[in-house]
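Architecture and fold: a report
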Amino acid sequence: MPGCRLAGDRDNRLRRRRPEVVGMADVLLTVGTRKGLFIGRRRGGAWEFDESPYFNAQAVYAVAIDTRADTPRLLVGGDSAHWGPSVFHSDDLGRTWTEPARPAVRFPKDTGASLERVWQLHPSAAEPDVVFAGTEPAALYRSEDRGETFELVRPLWEHPTRDQWVPGGGGEGLHTVLTDRRDARAVTVAVSAAGVFRTRDGGESWTPSNSGVSAVFLPDPNPEFGQCVHKVARDAEKPDRLYLQNHWGVYRSDDAGAHWSDIGAGLPSTFGFTAVAHPRRGDTAYVFPITADSDRVPADRRCRVFRTADAGGTWEPLSQGLPREDHYGTVLRDAMCTDDANPAGVYFGNRNGEVYASADDGDTWRQLASHLPDVLCVRAAVVG
């Protein structure tokens, strides 16, 4: 059955490590891959992983760890080649899973569309039971019961520019959802390849918000929409400050996405997929540069995370503990994250099937897993 936990040989996929530091916060780490979900837990500094993947043979593009209630809830967007896509949830940190009797996310018949994939699951920062889902075809869904049922946000689906949206290389996916803890009616989304759209009235109307972001592959490199935005993250201290990783270009907005400025100077390449903000420290964000859209390997073939501590004024390579030899592991848009520990944990996985973790804001790294299937998404949170 889809979503059941299957026993199996570890095949040297996950390595048990010695404890790091006694007294560290307990962290849950979820790793969505092309062939299932892997769950790890850090207790007292030591990492352990479950013996085999959940959702065996399903591609897991979206995971959320919802810690807003007393009992954390895990949400997973699974994609079975036989059963199709679905959203599952667990209220016991992954020991058991529930799939709704009817699909949690589905397109109404009058749209003429069918669900290809759930790209994003995002617990709202402003409403305690609300969860958003981003899908392919590019659409936004809203749940008011912590992700058990969802409804299509029609004004975005019916946006007058939609017939001009073009799928990115990985499909036409709504892959980023940002909510604002100050205002439940303010939501920002990003679509490949349509760009950033914002609402300030709870989804009744949506405005393209791509001023300053380039689309080098179009005849007009500065269109109102049509950019291939790969990921957007919100600053921890300045909610109107956003960081954006574009198909080419790294950008910052200081007005909630209305205007963008280039902050890519100092990076070995401005092509990449992921962008992550530090969970507490303002002006601090992380990217993983890729050589080019035509050569999708780490920039200079070196496994390095780059961090800015001054909102993109300068960038620092972080590589202590990461492989030093030539490296070819691409990090996808949702395959990097932080937890909410102090110091912050930073995590990333790559298409080589490796997972790396830092327990000190990215200063030093260690490998947690190897030989997994392609890593599609990584999420972590303090749960103890």
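Residues numbered from 1 in each chain as written. Predicted model: local features only at pLDDT ≥ 70, side-chain atom pairs only at ≥ 80, totals over all residues. Heavy atoms only, no water.

A few words now on the side chain of Thr176. With respect to the element layout, Thr176 can be found in strand E11 (residues 173-180). Separated by 3.3 Å, the side chains of Thr176 and Lys231 make a polar contact. Every residue in contact with Thr176, bar those within four places of it in the chain, is listed here: Gln120, Thr188, Val189, Ala190, His230, Lys231 and Val232. (Helix = DSSP H or I, 4+ residues; strand = E, 2+ residues; numbered from the N terminus. Polar contact = N/O pair within 3.5 Å; in protein donor to acceptor, adjacent residues only side chain to side chain. Contact = heavy atoms within 4.5 Å.)

Here the focus is the side chain of Gln227. Structurally, Gln227 is set in the loop between strand E14 (207-208) and strand E15 (229-234). Filtering out sequence-adjacent residues up to four positions away, Gln227 remains in contact with Val191, Ala193, Ala194, Gly195, Asn210, Val213, Ser214, Ala215, Phe217 and Asn246.

What follows deals with a nonpolar patch on the surface. A grouping of Val216, Phe217 and Leu218 is seen on the molecular surface, where their side chains present a nonpolar patch of about 240 Å² in accessible area. On the secondary structure map, Leu218 appears in the loop between E14 and E15. (Patch = residues over 30% accessible without salt bridge, like charges linked within 9 Å, V, L, I, M, F, W, Y side chains within 5 Å. Areas by Shrake-Rupley, 256 points an atom, 1.4 Å probe, with all protein chains shown as cover. Salt bridge = Lys/Arg side-chain N within 4 Å of Asp/Glu carboxyl O.)

Right, let's get into the confidence of the model for the chain. Here the chain averages 93 in pLDDT, and 94% of its residues register 70 or above. Within the model, pLDDT remains below 50 along residues 1-23, and this stretch shows 65 contacts once partners closer than five positions in the same chain are excluded. (pLDDT = per-residue confidence, 0-100.)

Summed over all chains, the structure comprises 14 aromatic pairs. Relative to Tyr141, the ring of Phe107 lies with its centre 5.7 Å away and its plane at 85°, an arrangement referred to as edge-to-face. Residue Phe107 is located in the loop between strand E6 (84-90) and strand E7 (117-123), and its partner Tyr141 is located in strand E9 (residues 139-143); the two are separated by 34 residues in the primary sequence. The buried category is assigned to Tyr141, whose relative accessible area is 0%. Members of the aromatic cluster, connected to one another through ring pairs, are Tyr54, Phe55, Phe88 and Trp97. (Phe/Tyr/Trp six-rings, centres within 6.5 Å; stacked < 30°, edge-to-face > 60°. Buried < 20%, exposed > 50% of the residue type's maximum accessible area, 1.4 Å probe, protein only.)

This part takes up the sheet that holds strand E2 (residues 36-43). Ordered in space as E3-E2-E1-E28, the 4 strands form an open sheet in which the pairing is antiparallel. In this open sheet, the two edge strands, each paired with only one partner strand, are strand E3 (46-49) and strand E28 (375-382). Going across the sheet, the axis of each strand differs from the next one's by a mean of 20°, ignoring polarity. Here strand E1 (residues 27-33) pairs with E2 via 7 bridges, running antiparallel. Looking at E2, one finds that Thr30 is bridged to Ile39. (Pairing = 2+ DSSP bridges. Axes fitted to C-alpha atoms, helices over the stretch in contact; angles between N-to-C directions.)

What follows covers the sheet that holds strand E5 (residues 73-80). Spatially, 3 strands are ordered E4-E5-E6 in an open sheet, and the strand pairing comes out antiparallel. Two strands close off the open sheet at either side, each with one partner strand: strand E4 (59-66) and E6. Direction aside, the axes of adjacent strands within the sheet are offset by 15° on average. For E4 and E5, the ladder comprises 7 bridges, and the chain directions are antiparallel. By the bridge assignment for E5, Ala64 is matched with Leu75.

This part covers the pattern of salt bridges. With the rule as written, the count across this model stands at 26 salt bridges. Residue Glu144 pairs with Arg142 through a salt bridge whose shortest N-O separation is 2.5 Å. Judged by its relative accessible area of 24%, Arg142 is partly exposed. The network of salt bridges with shared partners includes Lys238, Arg241, Arg252, Asp254 and Asp283.

In this fold, Gly312 is placed in the loop between strand E22 (305-308) and strand E23 (316-318). In sequence terms Gly312 and Asp262 are 50 residues apart; their C-alpha atoms lie 8.6 Å from each other.

Of all hydrophobic cores here, the largest spans 38 residues; its most connected members are Leu29, Tyr347 and Phe348. Of the residues forming this core, the biggest block, 4 residues, is contributed by E28. Excluding anything up to four places from it in sequence, Leu29 contacts Phe38, Ile39, Gly40, Trp47, Phe49, Tyr347, Val355, Leu368, Val378, Arg379 and Ala380. Counting 17 residues, the second largest nonpolar core, distinct from the first, contains Ala62, Ala104, Tyr141 and Phe150. (Core = buried A, V, L, I, M, F, W, Y, C linked by side-chain atoms within 4.5 Å.)

This part covers the environment of Arg142. Along the chain, the position of Arg142 falls in strand E9. Sequence separation of Arg142 and Leu152 is 10 residues, and the distance between their C-alpha atoms is 6.5 Å. Arg142 has contacts with Glu127, Val130, Val131, Phe132, Thr149, Phe150, Glu151 and Val153, leaving out every residue within four places of it along the chain. Within the local environment of Arg142, its side chain forms a polar contact with the side chain of Glu127, the two groups lying 2.9 Å apart.

Burial of E5 is extensive: 8 of the 8 residues sit out of reach of the surface. The antiparallel hairpin formed by E4 and E5 contains 6 residues in its connecting segment. Where E5 folds back on E6, the antiparallel hairpin that results is connected by 3 residues.

Glancing now at unusual backbone geometry. Trans is the prevailing form of peptide bonds, just as negative phi is the prevailing case for residues other than glycine. Residue Ala193 is bonded to the preceding Ser192 through a cis peptide linkage, with omega at 5°. Here Ala193 lies in the loop between strand E12 (183-192) and strand E13 (195-199). With omega at 0°, the peptide bond leading from Asn342 into Pro343 counts as cis. Among the structural elements, Pro343 can be located in the loop between strand E24 (336-338) and strand E25 (346-349). For Ala57, which is not glycine, the phi dihedral falls at a positive 70°. With respect to the element layout, Ala57 can be found in the loop between E3 and E4.

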